[in-house]
Amino acid sequence: MTSDAVTVKAYLAHLPEDRREAIGAVRKAILANLPKGCEERMSRGMIGYVVPHSLYPAGYHCDPTQPLPLAHLASQKNHMALCLLTVYGDPATEQWFRQAWTAAGKKLDTGLGCVRFKQLEQIPLEVIGPAIARVPVEKYIARVGQVLATTSKRRGKKSK
């Protein structure tokens, strides 16, 4: 479920109180640990955390006019979702994340690269901040470049 809100403040204002509280708490953990130079903005109808064009001029490979996404936070129809693109696609970081989450005594509900939750109590905020801070922007950009290069090579081999 995407929003037509053009600002994060407007997005939050339209949420029910319980979701506003939960999204706000997760947002606070993200903002306190957001890598230097990254920005919070509305992105694809959700709260987005992005690597701006000033740090990565190529932008998002699906739409280069958009900045490179780092994470998304959203209120969906039946749950809230936190998509940590720095976690998924990096096996070592994903393993750390899963272990840290379960060590905090919480059940991890994932799907399509996102963690789903219905209440704030279902997520360990003490894991969210370090998950955001764990992957430096330079390393994330390099990994994105490697994935795109690998994907391009695979497509090239298939077309021969």
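Scroll up a little and you will see the structure.
Residues numbered from 1 in each chain as written. Predicted model: local features only at pLDDT ≥ 70, side-chain atom pairs only at ≥ 80, totals over all residues. Heavy atoms only, no water.

K.L.:
Honestly, the packing of helix H2 (residues 17-33) against helix H4 (residues 125-133) in this entry has me stumped. Any pointers?
P.N.:
Packed helix pairs are characterised by how far apart their axes lie and by the angle those axes make with each other. At a minimum axis separation of 8 Å, H2 and H4 run at an interaxial angle of 35 degrees. In terms of crossing hand, the pair formed by H2 and H4 is right-handed. Contacts between H2 and H4 involve Ala 25, Val 26, Ala 29, Ile 30 and Asn 33 from the first element and Leu 125, Ile 128, Gly 129, Ile 132 and Ala 133 from the second. Counted by class, the contact of H2 with H4 contains eight nonpolar, two polar and no charged residues. (Axes fitted to C-alpha atoms, helices over the stretch in contact; angles between N-to-C directions. Helix = DSSP H or I, 4+ residues; strand = E, 2+ residues; numbered from the N terminus. Left-handed = near helix turned anticlockwise from the far one by under 90°. Contact = heavy atoms within 4.5 Å. Nonpolar A, V, L, I, M, F, W, Y, C, P; charged D, E, K, R; others polar.)

K.L.:
Would you explain unusual backbone geometry in this entry?
P.N.:
In terms of backbone geometry, most residues other than glycine have negative phi values and most peptide bonds are trans. Non-glycine residue Arg 44 carries a positive phi angle of around 55 degrees. Note that Arg 44 resides in the loop between strand S1 (39-43) and strand S2 (46-51). The exposure class assigned to Arg 44 is exposed, which follows from its relative accessible area of 55%. (Buried < 20%, exposed > 50% of the residue type's maximum accessible area, 1.4 Å probe, protein only.)

K.L.:
How do you make sense of empty space enclosed by the protein when you look at a structure like this?
P.N.:
Take a probe with the size of a water molecule and roll it over the atoms, and the empty space left behind shows itself. Per the counting criterion, the structure on display carries one cavity of 30 Å³ or more. Each pocket or cavity is described by its volume, and for the largest cavity that value is around 70 Å³. Taken together, Arg 41, Met 42, Ser 43, Arg 44, Val 50, Tyr 60, Gln 66, Pro 67 and Pro 69 make up the lining of the largest cavity. It is S1 that provides the largest number of residues to the lining of the largest cavity, a total of three residues. (1 Å grid on protein atoms, 1.4 Å probe; cavity = no way out; pocket = protein on both sides within 12 Å on 5 of 7 lines; lining within 4 Å. Points joined across faces, edges and corners; volume = space filled by probe spheres on them.)

K.L.:
How should the side chain of Ser 43 be read in this particular structure?
P.N.:
Among the structural elements, Ser 43 can be located in strand S1. Engagement of the side chain of Ser 43 in a polar contact is seen with the side chain of His 72, the distance being 3.4 Å. Once residues lying within four places of it in the same chain are set aside, the contact partners of Ser 43 are Gly 48 and His 72. (Polar contact = N/O pair within 3.5 Å; in protein donor to acceptor, adjacent residues only side chain to side chain.)

K.L.:
I'm lost on the environment of Ile 132 in this one. Help?
P.N.:
In this fold, Ile 132 is placed in helix H4. Judged by its relative accessible area of 2%, Ile 132 is buried. A C-alpha to C-alpha distance of 18 Å links Ile 132 and Gly 111, two positions 21 residues apart in sequence. Ignoring anything within four residues of it in the chain, the contact list for Ile 132 reads Ile 30, Asn 33, Leu 34, Pro 35, Ala 71 and Leu 84.

K.L.:
Before we go on, may I ask you to explain the pattern of salt bridges in this structure?
P.N.:
If the charged atoms of two oppositely charged side chains come close together, the side chains can form a pair. Using the criterion set out here, one finds six salt bridges in the structure. Where Glu 17 meets Arg 20, a salt bridge forms, and the shortest distance between an N and an O atom there is 2.6 Å. Note that Glu 17 and Arg 20 are positioned in helix H2 at a spacing of three residues, about one turn of the helix. Its relative accessible area of 30% is what places Arg 20 among the partly exposed residues. When the shortest N-O distance is used, the salt bridge between Arg 143 and Asp 90 registers 3.2 Å. With Arg 143 in helix H5 (residues 137-159) and Asp 90 in the loop between strand S4 (80-84) and helix H3 (91-103), this pair connects stretches of sequence that are 53 residues apart. The residues Arg 143 and Asp 90 share a single accessibility class, namely buried. (Salt bridge = Lys/Arg side-chain N within 4 Å of Asp/Glu carboxyl O.)

K.L.:
Would you explain the pairing of S1 in this entry?
P.N.:
On a regular strand, each side chain points to the face opposite its neighbour's, so the side chains alternate between the two faces of the sheet. Two elements, S1 and S2, share five bridges in a ladder whose sense is antiparallel. By the bridge assignment for S2, Met 42 is matched with Ile 47. The antiparallel hairpin formed by S1 and S2 contains two residues in its connecting segment, where Arg 44 sits at a positive phi of about 55 degrees. (Pairing = 2+ DSSP bridges.)

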